[in-house]
Amino acid sequence: MASQIERVTAELRRRILGGVLQPGERVLEVQCSAELGVSRTPLRLALGELEKEGLLERLPRRGFRVRQVTLDEVAMAIDVRGTLEGMAVRLLAEQGALPQTLAELRDCIQQGREIVKAGAGTRDALDTASWATVNARFHRLLIQAAGNPVLISTLEHVAKTPLAGPGVLGTSGQLSIELPFLQRAQFDHEDIVQAIEAREGARAEALMREHARRSRDNKRILVNAMKGTQWAADAVPQPMLA
């Protein structure tokens, strides 16, 4: 059931971001169920996931419709998120991270390495769902460890913007585009943790803000790829396989 829900969620996300489902359009459960070859139960669970991501909104009586969102709105939200997360990692580095926090961050890094390595070893599959889960956990650990409730609350508000949260990857299904993004993000995570361990607050903050900037630009490229528009090859980070 879980893999089926992930498949349906990914396909509906692709249709929304690719413009197949237009802003304001109602998602017809019977039609989608038939087109995707699934029962109503996994479809409704997938719709619920997309509601959490901010791509759908629940109608007053019943059902869902596509939310209006622009890439500029997403970009602005991610810029704000990067600034706030940069503040969080600076605070964490300056105050010193607890051993348990560092152990959990290293565990995220190891899981990320395994996902990226597996993706690099195949030509047609990348486990973006697992990466999104690990990525969300990594960012959540950093924010919580900073120990600033106001910062946590503000970030939760910013993450309500569609595609702005660290657990949402607008995947295109194109390995040649997505794999370099994940490889670069993995190296970013490792550099950020190294800076925290060395108690280099300013460096950790700069790395996190740059990490968010890349996420912003990458999501723009992914969405444009799903819409079938042209994107410049030199705008895509090159694979880092070391």
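A brief report on the enclosed structure follows.

So, how was this worked out
- Residues numbered from 1 in each chain as written.
- Predicted model: local features only at pLDDT ≥ 70, side-chain atom pairs only at ≥ 80, totals over all residues.
- Heavy atoms only, no water.
- Helix = DSSP H or I, 4+ residues; strand = E, 2+ residues; numbered from the N terminus.
- Buried < 20%, exposed > 50% of the residue type's maximum accessible area, 1.4 Å probe, protein only.
- Contact = heavy atoms within 4.5 Å.
- Areas by Shrake-Rupley, 256 points an atom, 1.4 Å probe, with all protein chains shown as cover.
- Pairing = 2+ DSSP bridges.
- Axes fitted to C-alpha atoms, helices over the stretch in contact; angles between N-to-C directions.
- 1 Å grid on protein atoms, 1.4 Å probe; cavity = no way out; pocket = protein on both sides within 12 Å on 5 of 7 lines; lining within 4 Å.
- Points joined across faces, edges and corners; volume = space filled by probe spheres on them.
- Nonpolar A, V, L, I, M, F, W, Y, C, P; charged D, E, K, R; others polar.
- Expected span 1.5 Å × (residues − 1).
- Salt bridge = Lys/Arg side-chain N within 4 Å of Asp/Glu carboxyl O.
- Parallel < 35°, antiparallel > 145°, perpendicular 65-115°, else oblique.
- Left-handed = near helix turned anticlockwise from the far one by under 90°.
- Core = buried A, V, L, I, M, F, W, Y, C linked by side-chain atoms within 4.5 Å.

Further remarks concern the overall build of the protein. Summing up its helical and strand segments, the protein has nine helices and three strands in all. Tracing the protein from N to C terminus, the helices and strands come up as α-β-α-α-β-β-α-α-α-α-α-α. Residues counted as buried form 47% of the 242 residues belonging to the protein. Considering only intrachain contacts with a sequence separation of at least 6, the fraction spanning at least 24 residues in the protein is 77%. Here the protein has roughly 12,300 Å² of accessible surface; of this, 52% comes from carbon and sulfur atoms.

Right, let's get into the sheet that holds strand E2 (residues 56–58). Pairing in this open sheet of three strands is antiparallel, and the strands run E1-E3-E2 from one edge to the other. The two strands at the open ends of the sheet, each matched to only one other strand, are strand E1 (26–27) and E2. Across two bridges, the pairing between E1 and strand E3 (residues 64–66) is antiparallel. In the strand pairing of E3, valine 27 is matched with phenylalanine 64. Across the sheet, helix H3 (residues 40–52) touches E1, E2 and E3, and the angle it forms with E2 is around 105°.

With that settled, the discussion passes to empty space enclosed by the protein. One pass over the full model with this rule turns up two cavities of 30 Å³ or more. Estimated volume of the second largest cavity: approximately 40 Å³. Around the second largest cavity, the lining residues are Leu71, Val74, Ala75, Arg216, Lys219 and Arg220. Listed by contribution, the elements that provide at least two residues to the lining of the second largest cavity are helix H4 (71–95) and helix H9 (201–226). In terms of residue class, the lining of the second largest cavity is made up of three nonpolar, no polar and three charged.

We now examine helix H6 (residues 128–146). Each α-helix turn comprises 3.6 residues. Residues three or four places apart therefore point the same way. Taking 1.5 Å per residue, 19 residues should reach 27 Å; H6 reaches 27 Å between its end C-alpha atoms and fits that length. Those residues of H6 that fall on the buried side of the exposure criterion are Thr128, Trp131, Ala132, Val134, Asn135, Ala136, Phe138, His139, Leu141, Leu142, Ile143 and Ala146. Immediately downstream of H6, the backbone of glycine 147 shows phi near 70°, a positive value.

One non-glycine residue, arginine 199, adopts positive backbone phi at about 60°. Of note, arginine 199 is situated in the loop between helix H8 (175–197) and H9.

Scanning the entire structure with this criterion turns up 24 salt bridges. For glutamate 11, the salt bridge identified is with arginine 15, shortest N-O distance 2.8 Å. With a gap of four residues between them, glutamate 11 and arginine 15 both fall in helix H1 (residues 2–17), about one helical turn apart. For arginine 90, the salt bridge is made with glutamate 205, and the minimal N-O distance between the two is 3.1 Å. Placement of the pair is arginine 90 in helix H4 and glutamate 205 in helix H9, with a sequence separation of 115 residues. Among the residues examined, arginine 90 registers a relative accessible area of 23% and is labelled partly exposed. Its relative accessible area of 18% is what places glutamate 205 among the buried residues. Taken together, the shared-partner salt bridges in this structure form one network comprising Asp79, Arg184, Asp188, Asp191, Glu210, Arg213, Arg214, Arg216 and Asp217.

Further remarks concern the environment of glycine 167. When you line up the elements, glycine 167 lands in the loop between helix H7 (149–158) and H8. If sequence neighbours within four positions are ignored, glycine 167 has contacts with Ala132 and Ala136.

Attention shifts here to the packing of H4 against H6. For the pair H4 and H6, interaxial distance at closest approach is 8 Å and the crossing angle is 60°. Regarding the angle of H4 to H6, the classification is oblique. The two elements H4 and H6 meet at a crossing, and its hand is left-handed. Contacts from Arg81, Glu85, Ala88, Val89, Leu92 and Gln95 of H4 reach H6 at His139, Leu142, Ile143, Ala145 and Ala146. Partitioned by chemical class, the residues of the contact of H4 with H6 number seven nonpolar, two polar and two charged.

Glancing now at the nonpolar core. Within soluble globular proteins, side chains that are nonpolar tend to cluster in buried spots. With 32 residues, the main nonpolar core has Val8, Leu12, Ile16, Leu43, Leu47 and Leu56 as its most contacted residues. Elements with a minimum of two residues in this core: H1, helix H2 (29–36), H3, E3, H4, H6, H7 and H9. It is H4 that contributes the most residues to this core, six residues altogether. For leucine 56, the residues in contact, after removing those within four places along its chain, are Ile16, Val27, Leu47, Leu50, Glu51, Phe64, Arg65, Val66 and Arg67. Counting residues in each nonpolar core, the second largest holds 30 residues, with Ile109, Val193, Ile196 and Leu222 among its members.

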